[in-house]
Amino acid sequence: MRAVRPLCDRCGHREAIHTVRASGENLCGECLFQDVRSKVYSVLDRVLEDGDKVAVALSGGKDSSLTLYMLKEYRENSRLNFELTAITVDEGTPYRRAAIEEASKLTAMLGIEHRIVSMSDYHGVNVAEIRSALPAGWRRSACTYCGVLRRWVINRVARDMGATKVATGHNLDDVLQTHLMNLARGDVPALARSGQAVRSPSPKMVPRIKPLALVREREVAALVLHLGIPASFGKCPLTTGMRVGVRRALDELEISSPGIKEGLVQGIEAIIARIRLSEGIKVELRECRLCGEPTTGELCKACQMKQELEPIVQRALLFGSVARDGSS
Ligand code: SF4
Ligand code: ZN
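Residues numbered from 1 in each chain as written. Chains lettered and ligands numbered in written order. Predicted model: local features only at pLDDT ≥ 70, side-chain atom pairs only at ≥ 80, totals over all residues. Heavy atoms only, no water.

Engineer: I'm lost on helix H1 (residues 29-47) in this one. Help?
Structural biologist: Helical periodicity: at 3.6 residues per turn, an α-helix aligns residues three or four positions apart in one direction. Between its first and last C-alpha atoms H1 spans 27 Å; for 19 residues at 1.5 Å apiece the expected length is 27 Å, and the two agree. Here H1 has its buried residues at Gly29, Cys31, Leu32, Phe33, Asp35, Val36, Lys39, Val40, Tyr41, Val43, Leu44 and Val47. At its buried positions, H1 is contacted by strand E1 (18-19), strand E2 (26-27), helix H2 (62-77), strand E6 (165-167), strand E7 (208-209) and helix H9 (217-227). (Helix = DSSP H or I, 4+ residues; strand = E, 2+ residues; numbered from the N terminus. Expected span 1.5 Å × (residues − 1). Buried < 20%, exposed > 50% of the residue type's maximum accessible area, 1.4 Å probe, protein only. Contact = heavy atoms within 4.5 Å.)

In structure tokens, the structure reads:
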């Protein structure tokens, strides 16, 4: 027999599907949706402009799927006129294949233009191959290469499609993990760049927005299930690095101090705002000698990584500005 769930603390008449950790409040699906919607709208009201073309980096996972769903919903209710498209990068893992199926179902359901591109068409290598070629104990994981190579593809494809903003599915937990990792590395320029729609000195970098930045991961999961949004709930099995430990530590901290995640995000973002105001960080960008993408040095990170990978995969990779599928 199914356990009886408490009633929603807001509306008082529907069964709750989610408990807010920070307050202990029980919410039904409809009240959770209203709550998430007001958080997402407060971000979008600030970062979107009339005439924008927003490309959603759609992985097929729950976060980016909810991002696309909420952007479509916002467009229907907003005075702003903006276009919406979705880009999915296939990194060549079996995990991504399943997620791409969900992404295709969602874009078909919402009637959104969807471009699926393959990492190897742009770089000449994919993450599955990198993973099997890396020697045991190598100083970087396949996930580190993947993150850099994937970001490069999304920016390139979004720009080619004429996008003025790239929307990613980063939720509040992701944003906080990234802030803490940047702090731990002492990477102040990365912290200063990590806000919403931060304009780069290079017009080649499409500004990024994070519509779910105020929404917790647990809320995303509960809402995606409630709304029946097609999405993959699996986690990429290649996830490695500092993020895994930071995530675990924050979840433990949250048990003894409910609400600490929001507190930390607000505190760190107040510091970031100060850093930006002080104009202490000015970055000069130039074009990568090999691929032409913006970079602070002579070579962008993606090209540095591909140079490192060539002897490992034992063949030449793609560095030029033309993808294998023919798009420039
Ligand atoms: Fe790539 Fe790492 Fe994300 Fe997996 S978790 S898709 S390896 S960046
Ligand atoms: Zn480059």
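Engineer: Is there a simple way to explain the site of ligand 1 in this structure?
Structural biologist: Residues in close proximity to ligand 1 include Glu91, Arg96, Cys143, Cys146, Gly147, Arg150, Cys236, Leu238 and Thr239, which together make up its full environment. Counting residues per element, the shell around ligand 1 draws most heavily on helix H6 (residues 142-160), which supplies 4 residues. Looking at the shell around ligand 1 residue by residue, the class counts come to 4 nonpolar, 2 polar and 3 charged. (Near = heavy atom within 4 Å. Nonpolar A, V, L, I, M, F, W, Y, C, P; charged D, E, K, R; others polar.)

Engineer: Explain the coordination of the zinc ion (ligand 2) to me, please; I cannot follow it from the model alone.
Structural biologist: For a metal with four tetrahedral donors the ideal donor-metal-donor angle is 109.5 degrees, while six octahedral donors give ideal angles of 90 or 180 degrees. Taken together, the protein donors to the zinc ion (ligand 2) comprise Cys288 (SG), Cys291 (SG), Cys300 (SG) and Cys303 (SG), at separations of 2.2 to 2.3 Å. Written as a sequence motif, the donor arrangement for the zinc ion (ligand 2) is C-x2-C-x8-C-x2-C. Assessed through its relative accessible area of 6%, cysteine 291 is described here as buried. (Donors = N, O, S within 2.8 Å, 3.2 Å for Na, K, Ca; no water.)

Engineer: Sorry if this is basic, but what is going on with unusual backbone geometry here?
Structural biologist: Of note in this structure, glutamine 314 is not a glycine but carries a positive phi near 60°. Within the secondary structure, glutamine 314 is located in the segment after helix H12 (301-313). Take glutamine 314: its relative accessible area is 69%, and that puts it in the exposed class.

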